[in-house]
Structure formats: C-alpha cells, structure tokens
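# Coordinate inspection notes
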Amino acid sequence: MLDDLAREQEDLRRRLDLVERDRRWMQDQSLRVDQVRASLDDLLAKADSNRSRHIATDSRIDGLGAIVTKLRDEVDEQAHALDSVSSVRKWAGEISAIQRAL
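Residues numbered from 1 in each chain as written. Predicted model: local features only at pLDDT ≥ 70, side-chain atom pairs only at ≥ 80, totals over all residues. Heavy atoms only, no water.

Looking only at helices and strands, the protein chain has 1 helix and 0 strands in total. Over its C-alpha trace the protein chain gives a radius of gyration of 43 Å, far above what one expects of a compact globule, namely 13 Å for 102 residues. In terms of overall dimensions, the protein chain has a C-alpha envelope of 150 × 15 × 10 Å along the principal axes. Here the protein chain, with 102 residues, has 0% of them falling under the buried criterion. (Helix = DSSP H or I, 4+ residues; strand = E, 2+ residues; numbered from the N terminus. Rg over C-alpha atoms; globule rule 2.2 N^0.38 Å. Buried < 20%, exposed > 50% of the residue type's maximum accessible area, 1.4 Å probe, protein only.)

Next up, the structure:
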C-alpha cells in the first residue's frame, strides 16, 4: 500500500511537472502573441502614416504640375510676343531701308 501511494505521489509529481511545463509554454506563447500584435499594430500605424504622406505628396505634385503648366503657357506667350516684336522690328528696319533708298 505504501508502495502504491509512493507511485501515485511520483505519478502526480510528474503530472504536476508536465502541467507546470505546459503552463510556462502557454505563458511564453501568450507573450509572443502580444509581441506580434504590438509589431503588427506598429506596422499598420506606419503604413497609415506612409499612405497619408503619399497622398499629401501626390497632392503637392499635382499642384506643382499645374504651376509648371501655367509657367510653360506664360513662357510660350512671352516667346510669341517676342516673335511679334521681332517681326515688327524687322518690318520697321525694312521700311526704314526702303525710305532711305527712296
């Protein structure tokens, strides 16, 4: 009978050790899950921030594109005006030359 109790006690001790080992393993897994969740939350926050920056950058690029288009149009107008002035000067020079020749 004492041998049976000793065996049962030893068996219970082994079971308790296994339960304790499993408890520690579950606790470690729980900590890892918490770390993964925290990392995921951090990555999601960074992704949202990057997305917001990307939208803001796209908006700035669109604004700069409109400014560049406007500046090109103005330069084209100035070039056309300069061509007109050059034509007038050319004609004025030719008229002057004709007048002197007469």
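The rest of the description comes next.
A contiguous patch of negative charge on the surface is contributed by D73, E74, D76 and E77. Following the sequence through the fold, E77 ends up in helix α1 (residues 2-101). You can call E77 exposed: its relative accessible area is 55%. (Patch = residues over 30% accessible without salt bridge, like charges linked within 9 Å, V, L, I, M, F, W, Y side chains within 5 Å. Areas by Shrake-Rupley, 256 points an atom, 1.4 Å probe, with all protein chains shown as cover. Salt bridge = Lys/Arg side-chain N within 4 Å of Asp/Glu carboxyl O. Lys, Arg positive; Asp, Glu negative; His and termini not counted. Charge placed at Lys NZ, Arg CZ, Asp CG, Glu CD.)

Turning to a nonpolar patch on the surface, a few remarks are in order. A cluster of nonpolar residues, M1, L2 and L5, forms a patch on the protein surface that exposes about 410 Å² of accessible area. Among the structural elements, M1 can be located in the segment before α1.

With the rule as written, the count across this model stands at 8 salt bridges. Here R13 and E10 are joined by a salt bridge, their closest N and O atoms 3.8 Å apart. Pair noted here: R13 and E10 are both in helix α1, with a separation of 3 residues, about one helical turn. R13 sits in the partly exposed class, given a relative accessible area of 43%. Across the salt bridge formed by R15 and D11, the nearest N and O atoms sit 3.4 Å from each other. Taken together, the residues R15 and D11, both in helix α1 and 4 residues apart, mark about one turn of the helix. By relative accessible area, D11 is classed as partly exposed at 27%. In this structure, a network of salt bridges that share partners links the residues E20, R23 and R24.

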